[in-house]
Amino acid sequence: MRAIRGATTVAENTVEAIREAVTELLDELEQRNQLQPHDIISVTFSVTRDLDAIFPAAIARSRPLWDNVAMLDVQQMHVEGSLQRCIRFLIHAYLPTSAPIYHTYLRHAANLRPDWSLPQPLQPSQQAVETKV
């Protein structure tokens, strides 16, 4: 079992903005880690207190094959001066221990973990796909 972290931000507290950001975040997570929903054990989403238009898990649950993944939404602890309008996740999944893990930090959340938000190399099968495009 492996753990994958990630985060993103939204410009405003709307269903549309949150849906767009969560979709982008999960698309990147799946692509970079070659992660399939049936490999995911659980997902915990946290949101800052300024986001309450929709649950991130509700967005994830609408994705193909994600409806059987155990998910939980929680409110991130508020710390004065911390990043606002931020959505984070912690995913536990079955992945080979030899597989590299690519943590996904997008938009302003890239500042949370600059060491993990740098462009990371694609896996060999992804390079073949991008070469064809």
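Sequence order sets the numbering: in each chain, residues are counted from 1 along the sequence as written. Only residues with pLDDT of at least 70 get local features here, since the model is predicted, and only at 80 or more are side-chain atom pairs given and counted; chain-wide, interface and lining totals rely on the full set of residues. Think of the side-chain values as coming from all heavy atoms in the structure, minus any hydrogens and water.

Identification of the protein as chorismate mutase from Cylindrospermum stagnale PCC 7417 is taken from an unreviewed UniProt entry.

> Give a description of the pairing of strand 2 (residues 40–47) that names residues and reports values.
Residues in a regular strand point their side chains to alternate faces of the sheet. Note: two strands are recorded as paired if DSSP finds a minimum of 2 bridges between them. Put simply, DSSP marks the helices as runs of H or I at least four residues long and the strands as runs of E at least two long, and each gets a number from the N terminus on. Sheet topology places strand 2 next to strand 4 (residues 86–93); seven bridges connect them, and they run antiparallel. Each bridged residue has a counterpart across the sheet, and for I40 the counterpart in strand 4 is A93. Looking at chain direction, strand 2 and strand 3 (residues 70–75) are connected through six bridges and run parallel. Bridged to V47 within strand 3 is Q75. Crossovers are described as right-handed under a simple rule: with the strands pointing away from the observer, the path leading from the first strand over the helix to the second runs clockwise. The parallel pair strand 2 and strand 3, bridged by helix 2 (residues 56–61), forms a crossover whose chirality is right-handed.

> So what's going on with the UniProt feature "binding site: prephenate" (unreviewed entry) in the protein? Which residues, and what values?
Here, UniProt's "binding site: prephenate" (unreviewed entry) annotation points to R5, R88 and Y105. In summary, the annotated positions, though distributed over 101 residues, converge in three dimensions, the widest C-alpha pair being only 8.8 Å. Residues that both appear in the annotated list above and line the largest pocket are R88. The residue R5 is located in strand 1 (residues 2–9) in this model. For each residue, the accessible area found with a 1.4 Å probe, counting protein chains only, is set against the maximum for its type, and the residue is called buried under 20%, exposed over 50%, and partly exposed in between. On the basis of relative accessible area, R5 is assigned to the partly exposed category, the value being 31%. What qualifies as a polar contact is a pair of N or O atoms within 3.5 Å, subject to a donor-acceptor requirement within protein and to the restriction that residues adjacent in sequence count only when both atoms come from side chains. In terms of polar contacts, R5 uses its side chain to reach the backbone carbonyl oxygen of F89, at 3.3 Å. UniProt positions are given in the numbering used here, feature names are shortened, and annotations may be inferred rather than shown by experiment. A cavity, in this analysis, means grid points on a 1 Å lattice covering only the protein atoms where a 1.4 Å probe fits yet has no way out; a pocket is instead an open set bounded by protein on both sides within 12 Å along at least five of seven lines, and a residue lines either one if it has an atom within 4 Å of a point.

> So what about the pattern of salt bridges? Which residues, and what values?
A pair is scored as a salt bridge if a Lys or Arg side-chain nitrogen falls within 4 Å of a carboxyl oxygen belonging to Asp or Glu. What the rule picks out here adds up to five salt bridges. Between R107 and E24 there is a salt bridge, and its shortest N-O distance comes to 2.8 Å. Here R107, found in the loop between strand 5 (104–105) and helix 3 (114–117), pairs with E24, found in helix 1 (residues 15–33); they are 83 residues apart in sequence, far enough to count as distant. The partly exposed category is assigned to R107, whose relative accessible area is 35%. The structure contains a network of salt bridges with shared partners spanning E20, E24 and R107.

> Any chance you could break down the layout of surface pockets for me, citing the residues and the numbers?
The calculated volume of the largest pocket comes to roughly 180 Å³. The wall of the largest pocket is formed by 13 residues, among which H78, V79, S82, L83 and Q84 lie closest to the centre. Grid points are joined across faces, edges and corners, and a volume is the space filled by probe spheres set on the points.

> Can you lay out unusual backbone geometry for me, pointing to particular residues and giving the numbers?
Even without being glycine, Q34 reaches a positive phi, approximately 45°. By the secondary structure assignment, Q34 is in the loop between helix 1 and strand 2.

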